[in-house]
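Notes for the structure review
These are the residues of each chain, in order.
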Amino acid sequence: MAANNASENARPKEPIVSPYMPKYPDPMSNISNFKIIESTLREGEQFANAFFTTEKKVEIAKALDAVGVDYLELTSPAASEQSRNDCKVISSLGLKAKILTHTRCHMDDAKLAIDTGVDGLDVVIGTSSYLREFSHGKDMDYITNKAIEVITYIKSKGLEVRFSTEDSFRSDLVDLLSIYKAVDKIGVTRVGIADTVGCANPRQVYELVRTLRSVVSCDIECHFHNDTGCAIANAYAALEGGATHIDTSVLGIGERNGITPLGGLLARMYAADKSYVMNKYDLTKIRDVENIVASAVDVTVPFNNYITGYCAFTHKAGIHAKAILNNPSTYEILKPEDFGMTRYVSIGHRLTGWNAVKNRVEQLDLDLTDQDAKNVTAKIKTLADVRPLSLDDVDTLLRNYHHAKTQGSHNKFLANIETPDMITDMA
Ligand SMILES: [Zn+2]
């Protein structure tokens, strides 16, 4: 293979695009043309720990606007007096993001929402047999007529309107398609598919969205719960199928264990079309809004979180470290600097390798040879069989070794250190 002869300069410095990507772009796919409807201030309010004051909502709204999300979705003004007031306050902030509120398919709710100054309404009604039997008790004719009445009214006021079914993946396909067709015909802005219970998988999502795409001409919004771990994958499959808008929340907070997380979706879409994502969104602002929301709802950012988890850019194994130091793309699909993060190569453990240790020698600007780095690495491995060493431990070991070497006693120095606790004793 030619790759074996590639010179140093010919090495790819960017994350390498997978050879399994389709050769020809799919004209129906929107992975390079999608919008985010950020629902932390609606779905996120349904998270067990959430209680947002008006001031906190404003802070979150501004932080999301700084990321560059296309829409902010707010709790229905029909929910409470404070919710109604918050819609007014956030609508008047003059953010770049359009402001939506989420309401039942009901004329009273629609009128209340329009008066708050929002840019659009996300209208929802349940269509699954469960919801029809155990929640609102209405049949499909009633639902369709109600939808047409409410949508026509909202449109007459010049606002965007989305019509979504609830629990779409457990609704009858013929019912779904006929109601979406009916609302598309009267000019709804978007139709929405919601996996309200988190039961769908990517293949089912792709197929339903593709089918819907061939039936309606309006935009398609998708909302995925994460009960069975598919919320990001389902969002991606929806965009591949022709969906145009994806609902997210910060850290995925929402009802039960939540929905597609904003950061995770952006990581996925960056891997699919980096330039689209980087031109449109400020990825370095993800961490700020996650910290604001995590503290507001009294949780910590998970250790394995996309992008911002504490180990998201930490490399440990010796062979990984060596390759990462040569070219980070070897083991990184996300470039930490694009997200305002930094890469960390962990070296104080028994899986370490001398290339990583040598790199640390250079960072500390110590005059040591490759053989010295190998000697110290062997000692780190022995000591780290007792317990992992901190970076401070490693630095102290290297500095003391360097000092001993100037006196010609470095071999004896290493031999004398028998336990990790003896490292600091030498300082
Ligand atoms: Zn939801």
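Because the structure is a prediction, the values reported are computed rather than measured.

Some thoughts on the overall build of the protein chain
Along its length, the protein chain carries 17 helices and ten strands. Based on the C-alpha atoms only, the size of the protein chain along its principal axes is roughly 90 × 55 × 40 Å. Counting only residues that meet the buried cut, the protein chain has 42% of its 427 residues in that class. Residue pairs at least 24 apart in sequence account for 72% of intrachain contacts in the protein chain once pairs closer than 6 positions are excluded.

Regarding the domain arrangement of the protein chain
Taken as a whole, the protein chain is organised into domain 1 (35-296) and domain 2 (314-425). Using C-alpha coordinates to define each centre, domain 1 is positioned 48 Å away from domain 2. At the interface, eight residues of domain 1 touch five residues of domain 2. Listed by contribution, the elements that provide at least two residues to the side of domain 1 that touches domain 2 are helix H9 (262-272) and helix H11 (286-296). In terms of residue count, the dominant contributor to the side of domain 1 that touches domain 2 is H9 (three residues). Tallied by class, residues from the side of domain 1 that touches domain 2 come to six nonpolar, one polar and one charged.

Topic: the packing of helix H7 (residues 202-213) against helix H8 (residues 231-241)
One can describe the packing of H7 onto H8 by two numbers: an axis separation of 8 Å at closest approach and a directional angle of 30°. Classified by the angle their axes make, H7 and H8 are roughly parallel. Read as a crossing pair, H7 and H8 show a hand that is right-handed. For the pair H7 and H8, contact is made by Pro202, Val205, Tyr206, Val209, Arg210 and Arg213 and by Ala233, Asn234, Ala237, Ala238, Glu240 and Gly241, respectively. Counted by class, the contact of H7 with H8 contains seven nonpolar, two polar and three charged residues.

Details of the environment of alanine 97
Relative to the helices and strands, alanine 97 is located in the loop between helix H2 (81-91) and strand E3 (98-104). With 23 C-beta atoms packed within 10 Å, alanine 97 lands in the buried category. Sequence spacing of alanine 97 and alanine 237 is 140 residues, and the spatial spacing of their C-alpha atoms is 25 Å.

Some words on H9
Counting buried residues in H9 gives eight out of eleven residues, a clear majority hidden from the surface. Every buried residue belonging to H9 is among Leu262, Gly263, Gly264, Leu265, Leu266, Ala267, Met269 and Tyr270, and all of these are buried. Looking at the buried residues of H9, the elements they touch are strand E1 (35-38), H8, strand E8 (245-248), helix H10 (274-280) and H11.

Notes on the pairing of strand E6 (residues 190-195)
Where a strand is regular, its side chains alternate between the two sheet faces. The buried count for E6 comes to six of six residues, which makes it a mostly enclosed element. Here E6 shows a buried face lined by Arg190, Gly192 and Ala194 and a second buried face lined by Val191, Ile193 and Asp195. Relative to E6, strand E5 (residues 160-166) runs parallel, the two sharing three bridges. Directly across from arginine 162, in E6, lies its bridge partner arginine 190.

Re the environment of lysine 111
Structurally, lysine 111 is set in helix H3 (residues 107-114). Classification of lysine 111 as partly exposed rests on a count of 16 C-beta atoms within 10 Å.

Here is what the cut-offs are and how they apply
- Along each chain, residues carry numbers from 1 onward, in the same order as the chain's sequence is written.
- The predicted origin of the model limits local features to residues at a pLDDT of at least 70 and limits the giving and counting of side-chain atom pairs to 80 or more, whereas totals for whole chains, interfaces and linings rest on all residues.
- We count a stretch as a helix when DSSP gives it H or I for four or more residues in a row; a strand needs E for two or more, and each element gets its number in order from the N terminus.
- We call a residue exposed when 12 or fewer other C-beta atoms sit within 10 Å of its C-beta, buried when the count reaches 20 or more, and partly exposed for counts in between; the C-beta positions come from the backbone.
- With C-beta atoms placed from the backbone, a contact is any residue pair whose C-beta atoms sit within 7 Å.
- By convention here, the domain bounds are inherited from an automatic or database domain assignment.
- Any residue that is not Ala, Val, Leu, Ile, Met, Phe, Trp, Tyr, Cys, Pro, Asp, Glu, Lys or Arg is counted as polar, Gly included; the first ten are nonpolar and the last four charged.
- To get an axis, fit a line to the C-alpha atoms, keeping to the stretch in contact for a helix; angles then go from 0 to 180 degrees between the N-to-C directions.
- Under this scheme an angle from 65 to 115 degrees is roughly perpendicular, one under 35 degrees roughly parallel, and one over 145 degrees roughly antiparallel; angles in between are oblique.
- Each crossing gets its hand from how the near helix is turned against the far one by less than a right angle, where anticlockwise is left-handed and clockwise is right-handed.
- Pairing between two strands requires that DSSP report at least two bridges joining them.

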